[in-house]
Amino acid sequence: MVFSLPTLGLLGLVVFWAVLWVMPLPAAQGNEQALLVQGNINPLRKLEGVSAEDTYLQLTRQGLQANPGVAVVVWPETAVSGFAPELEALLAGRELLSGLETGLTNRVVRVYKGQITHYYDKNRLVPFGEYFPWSEALRPVYSFFFRAFGFSQGLESRTPGQAYQPLGRYGAFICYESVFPAVTRRLVLAGAEVLELGSNDAWYGPSFGGLQHFQMGRLRAVETGRWLLRAGNDGVTAIIDPYGRVTARIPQRQAAYLVGAFAAQQHQTLYVRFGDWAVVLAGFLGIGLLNRPKGTIV
């Protein structure tokens, strides 16, 4: 029986994938603890000016009292618009990674000893949510829907970030950016040793959208070989190991906190090193199969 070269390549990939599928995954042990806070704040109330800061301070206080060994605290996307003076004493030398509502950008910051030491502004903005395509031409259409939903503010887009820079050792990315593998790859190439994802999926309501979004973040952990600390406003709040396994998680749609282990990683996976080369290779393989001479015996 004669096999063409593309067919042999495809069979090799199938065998390789099957071996990977049945092989047991290595153990992944965390040596540090993180406290992730899930405020479960109604986003519509936040648009009305209701502050969520008291909720996050209270849950953080409870979590730290029960788990004094925590090294870093994580609050979700746009958790607060400012930090209370008592936050420094509450953290007691620990790091805080938090979404910060600036009004102009979607930002996550690292707070240490009462100071914002690093910040990252979301680069990939959500169309029709954070920016409005063809805003001038479609302004009457946008205005109609804004009025229908009871929004009085004008048509304003957020300002995107200009770089992918880690917050110290943390590669922080925000909500919708978890859809794009290139985002976390660039963060790891820039030195990120742990991934941190802040999100606000309360807009999905009881639908499966939040769970689907959660699964996308798990893929980013596998691709980069990094632990992922995922804090969601109403969930999914969880810790994922570098192999995509959920090591700790709390239920959705309730105010709570989660404490779990994680570890910093410094190695680079093949995807981090070479990017989407596998997709290109698969494309060439597919072209080879399509262009195979019809007389070839398989």
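Look up: the structure comes first, before these words.
Note that the coordinates shown come from a computational prediction; the quantities given were computed from them, not determined experimentally.

Caption draft 1: The overall build of the protein chain, seen in detail. Of regular secondary structure, the protein chain possesses nine helices and 11 strands. Each of the 298 residues in the protein chain was classed as buried or not, and the buried ones make up 42%. Considering only intrachain contacts with a sequence separation of at least 6, the fraction spanning at least 24 residues in the protein chain is 64%. Accessible area for the protein chain stands at about 15900 Å²; split by element, carbon and sulfur atoms hold 61% of it.

Caption draft 2: Representation of the pairing of strand β11 (residues 256-262) in the model. Here β11 shows a clear split, with Ala256, Leu258, Gly260 and Phe262 buried on one side and none of Tyr257, Val259 and Ala261 buried on the other. When strand β1 (residues 32-38) meets β11, the two strands line up antiparallel, connected through seven bridges. Bridging across to β11, Gln33 finds its partner in Ala261.

Caption draft 3: View of the nonpolar core. Counting residues in hydrophobic clusters, the biggest one holds 39 residues, and the most contacted among them are Val72, Leu229 and Phe262. At four residues, the largest contribution of residues to this core is made by strand β6 (residues 170-174). What Leu229 contacts, discounting residues up to four positions off in sequence, is Ala34, Leu36, Val72, Val74, Val194, Leu195, Glu196, Leu197, Ala238, Ile239 and Phe262.

Caption draft 4: Fine view of the side chain of Asp241. Among the structural elements, Asp241 can be located in the loop between β9 (238-240) and β10 (246-249). Among the polar contacts made by the side chain of Asp241, one reaches the main-chain amide nitrogen of Tyr243 at a distance of 2.8 Å. Those residues in contact with Asp241 that lie beyond four places of it in its chain are Ala28, Ala221, Arg226, Trp227 and Thr247.

The rules behind these values
- Residues numbered from 1 in each chain as written.
- Predicted model: local features only at pLDDT ≥ 70, side-chain atom pairs only at ≥ 80, totals over all residues.
- Heavy atoms only, no water.
- Helix = DSSP H or I, 4+ residues; strand = E, 2+ residues; numbered from the N terminus.
- Buried < 20%, exposed > 50% of the residue type's maximum accessible area, 1.4 Å probe, protein only.
- Contact = heavy atoms within 4.5 Å.
- Areas by Shrake-Rupley, 256 points an atom, 1.4 Å probe, with all protein chains shown as cover.
- Pairing = 2+ DSSP bridges.
- Core = buried A, V, L, I, M, F, W, Y, C linked by side-chain atoms within 4.5 Å.
- Polar contact = N/O pair within 3.5 Å; in protein donor to acceptor, adjacent residues only side chain to side chain.

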